[in-house]
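Results of the structural survey
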Amino acid sequence: MASTWTSCLPMALLLPLLFLLLSVHLPYFARAARLTHDNQARLDRFVRQVMHCGDIQALSVSLVGDGGVVYERGYDDTRYLPPGLKRRGIGKDTVFCLGGSTQAFTSVLLATLLDTQENHTMDSPVHQITGSTYHLPGHFRTQRINLKDILGMRTGLSNMDIVAVAKGMDRYRLMQNLRFAPEVRQFRDETVYNEVLFSLAEDAARALGGETWYQLMRQHIFTPLGMSNAGFVHTDAQDSSRVAPPYLKFRGNHHPVPWDAYKGQEVVAAATSVCASASDMSKWMHFILSGGKTLNNQQLVREKAIQSTFTPVQTRANDLNPRTSGFTQPTTQVSYTRESNALGWIKGQYRGYSFMSQDGSLPGYESLSTILPSRQVGAFTAFTGQAGASAYAAKVLVNMFALDLLLHGEPWIEIEDVCDVMSKMTELTQEADSSATSHYPRPGYAGREDELIRPIEDYEGTYRNYAFGDVVVSRNESGKLRLQYGEFGSYILHPSMQNDTFIMQATQGPLWYSTHVEEFRQKGPFLAIFSNHHNDPSQRVETVTIPHFARDMDPEFSKNPTPPRQQDVDHLCDSAPSLAPAVGLISAVLAVLILLC
């Protein structure tokens, strides 16, 4: 017995030494804890450097770990803030609008409502949940589309971006027009970003909860979690003194985004409209990481319901686009990958740990949250004043640095290298963005209407697209062509050096930024390309194509549109199994039976 104890003694002595070595050389295995004062100071310096490099004027950060709130703070550069907000400053209760990060909230809300249901799940066809009939392209898609398809971005339908931006139609008409939505990929075949179909998810929430999506969000999420600053961009933000005012950059200066620019988000509210502060987001991330508990340890939602939203349903393209697949070496020393779509979340990897994240963009706002369930840590940042590739690089960098501190690791990036690393990340994202834009050339300005190849009145008229609605082209009081789309889309058309192609310039109004700010100017000018089916200058104009109205296709509007035939709208193809082999077999069997008879 003594010899056995003696033989175990070396191992007993080695175990503490082994743990000591792991804690020194493998810090990422350590349990997360609160930030030291030194690390708080490092985070402050890092965030301010990101703001400087990215020309960001207001930023918010919150971190959770070790079962509670680790850090909450707001930052501001007073050069850009109006006098009233300068005095108050940006703090942990300052509200930023989240854009697409709203999708995770909607997913968890639906999971919460479904958790009390016996008859419906995320796999149930939406029309069975709502009791309403929705018509989408393809009979199979119409009958089978479920909440997983919508939350996981695998419907295959175009997002029709301009509809929510310019408020091209109200929500009722959008629901009617979804039958004509352009099909850019096969159903459940590839990721296609789509916010407009969250209108169906909003209807499903109403059917399950008996209240509007807004009421349900407050009742089941905001109020019980104590998210006292949270609201919605098109209803609450403009009336709140706590909201960080949105800005965009134009010709080197920051200009405020008018609140009317967000009215169209009502059409896709369940996908884009939540606004929240750093303190709100701490409570939200803790709720998710704790499996449905509040900060007071009250079990608000079953852990099973929260976990169900983490289920991957669609892989993301590995197309070297950082927005799609994240950043990898050598662009960044440590990879932050985005591999698949879960339900309202994007699943990825950071330092070997699986994470759930969601990011969003609205004009003047950016946000990103990243949570590591296995390590029980999460980081959130939101800011105003920057957009495009630089903004995407900035929010990913802040999340990565914060996660390193929470994991007790040494951050891979030095503060003095922030601008250089951000520049490389921005450049890579810009290259991917420009390669994904329209294939149409970028013509220069011609400048004179009297040099057009056809009379200017030939371009005037109403052009229709059955999915997008109507575009009206007319002349203003100065004799220039003006294009109007929806409630807010008003553009002057300037002749270009290419025949029948005009450069669109937004007039002063809610969407002034859409053709002015640096983010959009980098993508090239908005174009309106007129044509007729014969490409004959002697024939009157019949169509206008506006490439920038959708990210995944170039919508064409026609003066004499042909209504799609019903069999084209409800064709039985999509991704459904082909019936042709079965039909052929049945026909062959019948032929043999007839011969035998």
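The paragraphs below set out a description of the structure included in this document. The structure displayed is predicted, hence computed values, not measured ones.

Read across the sheet, 3 strands follow the order β3-β7-β4 without closing on themselves; strand pairing throughout is antiparallel. In the strand order of this sheet, the two ends are held by β3 (95-97) and β4 (231-232), each with one partner. Relative to strand β7 (residues 274-277), β4 is paired through 2 bridges, and the arrangement is antiparallel. Across the sheet, the residue bridging to F232 is V274, located in β7.

For the coordinates displayed, the defined rule picks out 2 disulfides. Across the disulfide, C53 is cross-linked to C419 (sulfur-sulfur distance 1.9 Å). Classification of the bridge connecting C53 and C419 rests on its S-S torsion, roughly -80 degrees, and on that basis the disulfide is left-handed. Here C419 lies in helix α17 (residues 418-435) and C53 lies in helix α2 (residues 37-54), a separation of 366 residues in the sequence. Listing the disulfide partners of the protein chain by sequence rank of the bonded cysteines yields 1-4, 2-3.

Let us now look at the pairing of strand β17 (residues 481-485). The buried fraction of β17 is high, at 4 of 5 residues. Hairpin connection of strand β16 (residues 469-475) to β17: 5 residues between the antiparallel strands, including G479 at a positive phi of 85 degrees. The pairing of β17 with strand β18 (residues 489-495) spans 5 bridges and is classified as antiparallel. For L483, the partnering residue across the bridge sits in β18 and is Y491. The turn joining β17 and β18, which pair antiparallel and follow one another in sequence, is formed by 3 residues; a positive phi near 65 degrees is taken by G486.

With 13 residues, helix α11 (residues 213-225) extends 17 Å from end C-alpha to end C-alpha; this agrees with the ideal 18 Å at 1.5 Å per step. The largest bend in α11 is about 35 degrees, located at Q219. Every buried residue of α11 is listed here: W213, L216, M217, I221, F222 and L225. On the buried face of α11, the contacting elements are α4 (102-114), α10 (198-209), β4, α12 (269-272), β7 and α13 (278-289). G226 lies just past α11 and shows a positive phi near 75 degrees.

Turning next to the packing of aromatic side chains. When we look at a pair of aromatic rings, we describe it by the centre distance and by the angle of the planes. What the rule picks out here adds up to 28 aromatic pairs. Judged by centre distance (6.0 Å) and plane angle (40 degrees), the rings of W284 and F287 are tilted. You can see W284 and its partner F287 sitting in helix α13, 3 residues apart, about one turn around the helix. There is no split in this pair, since W284 and F287 are both buried. A connected cluster of aromatic rings, assembled from ring pairs, spans F105, W213, Y214, F222, F232, W284, F287, F310 and W345.

Counting 125 residues, the largest nonpolar core has W284 and Y485 as its most contacted members. A per-element tally of this core places α4 first, with 8 residues. Not counting chain neighbours up to four residues away, the residues in contact with W284 comprise A104, F105, V108, I221, L225, M227 and W345.

Quick look at unusual backbone geometry now. Going from Q329 to P330, the amide bond is cis rather than trans, its omega being 5 degrees. In this structure, P330 sits in the loop between β9 (326-327) and β10 (336-341). Unlike most non-glycine residues, K167 shows phi in positive territory, near 50 degrees. Assignment of secondary structure puts K167 in the loop between α8 (162-166) and α9 (171-177). The backbone of D500 shows a phi angle near 65 degrees, a positive value even though the residue is not glycine. Relative to the elements of secondary structure, D500 occurs in the loop between β18 and β19 (501-506). Judged by relative accessible area, D500 falls into the buried class, the value being 13%.

Moving on, we get to the packing of α4 against α11. What describes two packed helices is the angle between their axes and the distance between those same axes. Where α4 meets α11, the axes come as close as 10 Å, and the angle between the chain directions of the two elements is 80 degrees. Relative to α11, the element α4 lies roughly perpendicular. Residues T102, F105, T106, V108, L109, T112 and L113 of α4 pack against W213, L216, M217, H220, I221 and F222 of α11. Looking at side-chain class alone, the contact of α4 with α11 contains 9 nonpolar, 4 polar and no charged residues.

Turning our attention to α13. Here α13 spans 16 Å end to end across 12 residues, near enough to the 16 Å set by a 1.5 Å rise per residue. Most of α13 is tucked away: 11 of the 12 residues are buried. For α13, every residue scored as buried is listed here: A278, S279, D280, M281, S282, W284, M285, H286, F287, I288 and L289. Phi for G291, located one or two positions after α13, is positive at around 75 degrees.

What follows deals with the pairing of β16. In this structure, strand β15 (residues 461-465) lies alongside β16, joined through 5 bridges in antiparallel fashion. By the bridge assignment, G461 is partnered in β16 with V473. Linking β15 to β16, which pair antiparallel, is a turn of 3 residues. Bridging between β16 and β17 involves 5 bridges; their strand directions are antiparallel.

Thresholds applied
- Residues numbered from 1 in each chain as written.
- Predicted model: local features only at pLDDT ≥ 70, side-chain atom pairs only at ≥ 80, totals over all residues.
- Heavy atoms only, no water.
- Pairing = 2+ DSSP bridges.
- Helix = DSSP H or I, 4+ residues; strand = E, 2+ residues; numbered from the N terminus.
- Disulfide = S-S within 2.5 Å.
- Buried < 20%, exposed > 50% of the residue type's maximum accessible area, 1.4 Å probe, protein only.
- Expected span 1.5 Å × (residues − 1).
- Bend = angle between axes of the 7 residues up to and from the residue.
- Contact = heavy atoms within 4.5 Å.
- Phe/Tyr/Trp six-rings, centres within 6.5 Å; stacked < 30°, edge-to-face > 60°.
- Core = buried A, V, L, I, M, F, W, Y, C linked by side-chain atoms within 4.5 Å.
- Axes fitted to C-alpha atoms, helices over the stretch in contact; angles between N-to-C directions.
- Parallel < 35°, antiparallel > 145°, perpendicular 65-115°, else oblique.
- Nonpolar A, V, L, I, M, F, W, Y, C, P; charged D, E, K, R; others polar.

Function cannot be read off these values alone, since they describe shape.
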